[in-house]
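# Residue-level structural notes
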Amino acid sequence: MSETLAEDSPGFHEAARRNNIDKIVALGHDPWGSRFDDRLLIGDVRARSAEVQFQVENGELLPLPDFEAEEPVEYRQWKSDHGPGSEIGPKVRIAGRIMLKRPTGKLIFLNIEDWTGGIQIFIGKKQVGEANWELAQCFDLGDLVGFDGRLGRTNTGELTVFAEGLHFHSKSLEPPPDKHAGLVDVELRQRRRYLDLCYTEGVRERFLKRTKIVASVRNTLNAQGFCEIEGPTLHAIAGGAAARPFVTHHNTLDLELHMRIALELHLKRLLVGGMERVYELGRVYRNEGISPKHNPEFTMLEVYQAYGDYRSMMDLTEAIIVNAIQAIGGESKLPWGDLEIDFTAPFERRTYSELFTEQTGVDPEDESAVIELAKSLQIDVEGRHLDVVKNEIFEEKVEDSLVGPIFVIDYPASICPLTKRKAGVPHIAERFELFVHGMEIANAYTELNDPDLQEKLFKTQLAGLSDEDSMAKMDHDFVRALRNGMPPTGGLGVGIDRLVMLLTNSTSIRDVILFPLLRPEA
């Protein structure tokens, strides 16, 4: 005799669901479903609500009242006022996950969802017949089911599919999260993203918006004649950025390799080869800390345009962002927590020096004043290059004050070794960073194409910079490529995850990455 499980025991719900599988099989159905042709998406079905009409006795078809109006509609009374008749609506075939189940005698009301929305299902024993009714008794929350039926309205006015045929597609062996408490543990939501997508309101919509944003970025670039390429993810030299790489080993070649920390140097080789407008949109990997703005693997866009400069990249950045907002149906002013961001182009443009002086009261060219300010902020100055010290001050005192969107332009040249110097001002680099509410979204340069200067800068380690913070990593082949002639170029990098954060009002990068890096479960 089998053991009877208590209702609150861990295995009770699974046992009950497995019992329902046996019943489904006995009724002649496959509990794991099969092909389901001619299915309509629920969003498309809901869009056909105007096709539901009321036919009075003389055959006249009446449009239904506006159920979206502010004044509630007493639909039962409305039908009574129009005399004898019946509601008619289109036949539809839909499928989705059961999110709510309300059995009442010989009726069952379900709410099901697919990735376009949800809708109510009416199952009446009389309407579906004995066999379908028996199948409906095997439905559990979380199951994937399908229906043939008529689209209509209940007496309360709710848009509903009145089921005529039932189909079973997949049994959920585990019960869904509690419908009231939901998935409240943030790490559990990230670890079990499949549940988060199903049962946490707004999550699926956020990631679908991400897809639209990424598609829009590609569309904007493709429309301007840029060519998408795929560069290597394994590099012999971790170049193109100041970051600590992940290190791996190729057994056959007995070679130490690095997961790429940037896309830049291979894209620039293509410019030398005559591919004048190129971009890559892909993963990069940095063996660094984790925070609401940082994940060890993230999605980066890098773009390079021959015969452009950093001003060309400002215009392109604005177009990318504005078009992405339009792609998700947003307005130029978007919410950010309790605040609002106005993405109306053109974005504000201010120099690094102006903002430094404005926020600190110190002239960045006044060495003694900069050092004194650094010491007051407990920033180490001993044996460190002044521009390194200056940039730490900028990060601490200026960046958090930037509301934006704002292009911060013209950085100290010594901290930008891949950047062309400003004409007549050799200590200034033609670089910008785009900030929004203290968060860096984009970084761009007028690219350095002088091979002799590039070689010199690759060899230059600024005093006070650690190896991981330095871009002084010699890449002889890249210098050799430059020696063959790279055109004057504008280059741009955009953090796609951070852009999605801003456009979807998400405060953590983990909320916009489907599977962020987590420690293994104990």
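Scroll up to find the structure.
So, here's what we can say about the structure. Since we're looking at a predicted model, the values are computed, not measured.

## Side note on the environment of leucine 61
For leucine 61, the position within the fold is in strand β2 (residues 61–63). Distance in space between the C-alpha atoms of leucine 61 and glycine 85 is 9.6 Å, their sequence separation being 24 residues. When near neighbours in sequence (up to four residues on either side) are disregarded, leucine 61 contacts Gln53, Phe54, Gln55 and Ile88.

## Things to note about the sheet that holds β2
Here three strands make up an open sheet; going across it, the order is β2-β1-β3 and the pairing antiparallel. Each of the sheet's edge strands pairs with one partner strand only, and the pair in question is β2 and β3 (85–88). For this sheet, the mean inter-axis angle between neighbouring strands, taken without regard to orientation, is 30°. Sheet topology note: the strand β1 (residues 53–56)/β2 ladder contains three bridges and is antiparallel. Across the sheet, glutamine 53 pairs through a bridge with proline 63, a residue of β2.

## Brief notes about the pattern of salt bridges
Between side chains of opposite charge, pairing is possible as soon as their charged atoms come close. Evaluated as defined, the whole model comprises 34 salt bridges. Arginine 218 is the salt-bridge partner of glutamate 228, the closest N and O atoms lying 2.9 Å from each other. One end of the pair, glutamate 228, is in strand β9 (residues 227–228); the other, arginine 218, is in helix α7 (residues 203–223), and ten residues separate them in sequence. Residue class for glutamate 228 comes out partly exposed when judged on its relative accessible area of 34%. Here arginine 218 falls in the partly exposed class, since its relative accessible area comes to 26%. Between glutamate 348 and arginine 350 there is a salt bridge, with the nearest N and O atoms lying 3.6 Å from each other. Overlapping salt bridges bring together Arg269, Asp475, Asp477 and Arg480 as one network.

## Considering the nonpolar core
Counting 43 residues, the largest nonpolar core has Leu221, Leu301, Phe343, Phe432, Leu492 and Leu503 as the members making the most contacts within it. Per element, the largest residue contribution to this core is eight residues, and it comes from helix α9 (residues 310–327). The residues contacting leucine 503, other than those within four sequence positions of it, are Ile213, Ala324, Ile325, Ile328, Leu334 and Phe343. Listed in part, the 34 residues of the second largest apolar core include Ile24, Phe54, Phe67 and Val128.

Each value, and the rule that gives it
- Residues numbered from 1 in each chain as written.
- Predicted model: local features only at pLDDT ≥ 70, side-chain atom pairs only at ≥ 80, totals over all residues.
- Heavy atoms only, no water.
- Helix = DSSP H or I, 4+ residues; strand = E, 2+ residues; numbered from the N terminus.
- Contact = heavy atoms within 4.5 Å.
- Pairing = 2+ DSSP bridges.
- Axes fitted to C-alpha atoms, helices over the stretch in contact; angles between N-to-C directions.
- Salt bridge = Lys/Arg side-chain N within 4 Å of Asp/Glu carboxyl O.
- Buried < 20%, exposed > 50% of the residue type's maximum accessible area, 1.4 Å probe, protein only.
- Core = buried A, V, L, I, M, F, W, Y, C linked by side-chain atoms within 4.5 Å.

These values are about where atoms sit, not about what they do.
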